[in-house]
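Report on the structure
Below are the chains, spelled out letter by letter.
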Amino acid sequence: MEKEITLSEFAAELKKRLNDGKTVDCCKPELIRLADIVKEKIGQEKIKVQWQD
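Description of the structure in this document. As the structure is a prediction and not an experimental result, all values here were calculated from the model.

Focus: the overall build of the chain
Along the backbone of the chain there are two helices and zero strands. Seen through its principal axes, the chain has C-alpha atoms that stretch 35 × 25 × 20 Å. Considering the chain, the positive charge centre built from 11 side chains and the negative charge centre built from 11 side chains are found 4 Å apart.

If you want it as structure tokens, here you go:
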């Protein structure tokens, strides 16, 4: 089922899934689009990360 939601709703669902130990594989295209939006709109904001290769 496809529906349109706000970025806040999407972020909240992602956070809930990650906190609950669920997979986010279901929304790979949406995560890629979210990354594009972040790059375009708020790309200069800073975040601390712990990269794991």
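Having seen the structure, we can now continue with the description.
With respect to the state of the cysteines
Throughout the structure, instances matching the rule amount to zero disulfides. Unpaired in terms of disulfides, Cys-26 finds its nearest cysteine sulfur in Cys-27, a separation of 3.8 Å. Taking relative accessible area as the criterion, Cys-26 reaches 51% and is therefore assigned exposed.

Digging into the layout of surface pockets
Of the volumes computed, that of the largest pocket is approximately 550 Å³. Around the largest pocket, the lining comprises 18 residues; the ones closest to its centre are Lys-3, Ile-5, Phe-10, Cys-27 and Glu-30. Where the lining of the largest pocket is concerned, the elements lending two or more residues are α1 (7-19) and α2 (28-42). Considering every element that reaches the lining of the largest pocket, the biggest residue donor is α1, with six residues. Across the lining of the largest pocket, the residue classes break down as nine nonpolar, one polar and eight charged.

Reading guide: rules and limits
- Residues numbered from 1 in each chain as written.
- Predicted model: local features only at pLDDT ≥ 70, side-chain atom pairs only at ≥ 80, totals over all residues.
- Heavy atoms only, no water.
- Helix = DSSP H or I, 4+ residues; strand = E, 2+ residues; numbered from the N terminus.
- Lys, Arg positive; Asp, Glu negative; His and termini not counted.
- Charge placed at Lys NZ, Arg CZ, Asp CG, Glu CD.
- Disulfide = S-S within 2.5 Å.
- Buried < 20%, exposed > 50% of the residue type's maximum accessible area, 1.4 Å probe, protein only.
- 1 Å grid on protein atoms, 1.4 Å probe; cavity = no way out; pocket = protein on both sides within 12 Å on 5 of 7 lines; lining within 4 Å.
- Points joined across faces, edges and corners; volume = space filled by probe spheres on them.
- Nonpolar A, V, L, I, M, F, W, Y, C, P; charged D, E, K, R; others polar.

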